[in-house]
Every structure is written in C-alpha cells, then in structure tokens.
Amino acid sequence: MAELNLLPSTLNIECVAGDDVVVEITITKGTGCNSSVIDITNLTFAAVLVAGSQSFSATVAKDVPTGKVTVTWSDSQTLSAGPGSWKWYFTVTDGTITRTRLSGSFTEVARA
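Residues numbered from 1 in each chain as written. Predicted model: local features only at pLDDT ≥ 70, side-chain atom pairs only at ≥ 80, totals over all residues. Heavy atoms only, no water.

**Some remarks on the pairing of strand 3 (residues 21-26)**
And step 1. Alternating positions in strand 3 separate cleanly, V21, V23 and I25 being buried on one face and V22, E24 and T26 remaining unburied on the opposite face.
And step 2. Relative to strand 9 (residues 68-73), strand 3 runs antiparallel, the two being bridged by six bridges. Residue pairing in the sheet places V23 in a bridge with V71 of strand 9. (Buried < 20%, exposed > 50% of the residue type's maximum accessible area, 1.4 Å probe, protein only. Helix = DSSP H or I, 4+ residues; strand = E, 2+ residues; numbered from the N terminus. Pairing = 2+ DSSP bridges.)

**Let's talk about the sheet that holds strand 9**
And step 1. Strand order in the open sheet formed by three strands is 3-9-8, and the pairing between neighbours is antiparallel. Every interior strand has two partners, whereas the edge strands, strand 3 and strand 8 (59-63), have only one. With direction set aside, neighbouring strand axes in the sheet form an average angle of 15°. (Axes fitted to C-alpha atoms, helices over the stretch in contact; angles between N-to-C directions.)

**Quick word on the pattern of salt bridges**
And step 1. According to the stated counting rule, one finds two salt bridges in the structure shown.
And step 2. When the shortest N-O distance is used, the salt bridge between R111 and D19 registers 2.7 Å. With R111 in the segment after strand 11 (97-109) and D19 in the loop between strand 2 (13-16) and strand 3, the pair connects residues that are 92 residues apart, well separated along the chain.
And step 3. The class of R111 is exposed, set by a relative accessible area of 52%.
And step 4. Here K68 makes a salt bridge to E24, at a shortest N to O gap of 3.6 Å. Linking K68 in strand 9 with E24 in strand 3, this pair joins segments that are 44 residues apart in sequence. (Salt bridge = Lys/Arg side-chain N within 4 Å of Asp/Glu carboxyl O.)

Right, dumping it as structure tokens:
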C-alpha cells in the first residue's frame, strides 16, 4: 500500500534568551550524495516562533544561486519570548501551495 507523508522534518533549536538565533537551510531535491540545489526564485519562505500566546516572525533571506535560506530571530525577539519550551515552524509557499517543511521545539534558557 502506498503512503503519502506530508509531515515536516524536525529540527529542534536550543538557545539562550536574549541571543540572536540564525538558522541556515539549503533547499535541495533529494538527499545525501544525490541531492541537488533547486531554483528557489519563485518560492516564498516564512518562519515563526510560537511562545505561549505570542508569536515572533523571523527575518527570512534567500540566496537564489546557492539555494540557501537564512532564518533569523533577533535578540529582542528571543528575549521577549523568554525562557521556556516553545515551538517553531518553517513554511515554503510555491504559487498557492503552502507547506510546513520544518518544525520543532524552540527551547530557551535564561542567561546564567
């Protein structure tokens, strides 16, 4: 029987509240040695940190030639979210289709 799995891959993030968090993602087709960068020109990316009733949208920059997407939450955003165990999501939109491609826990600890 065939299966279709549309669940996002998991990437858990741990950081100190009040630090900048930068995640670099390379968008490829395939995995391992058989992967190749795809054209991300017409794709739109977004990432959000959900901390209780608050949400913080990351700054997202894409580098088309390398297929790299850089997701950044600022020090003020992680400080506002505060220490705790939160969730984050990374979405990709192609035309009218939006899919969550990465998600996971976003654990923040207090600065010692």
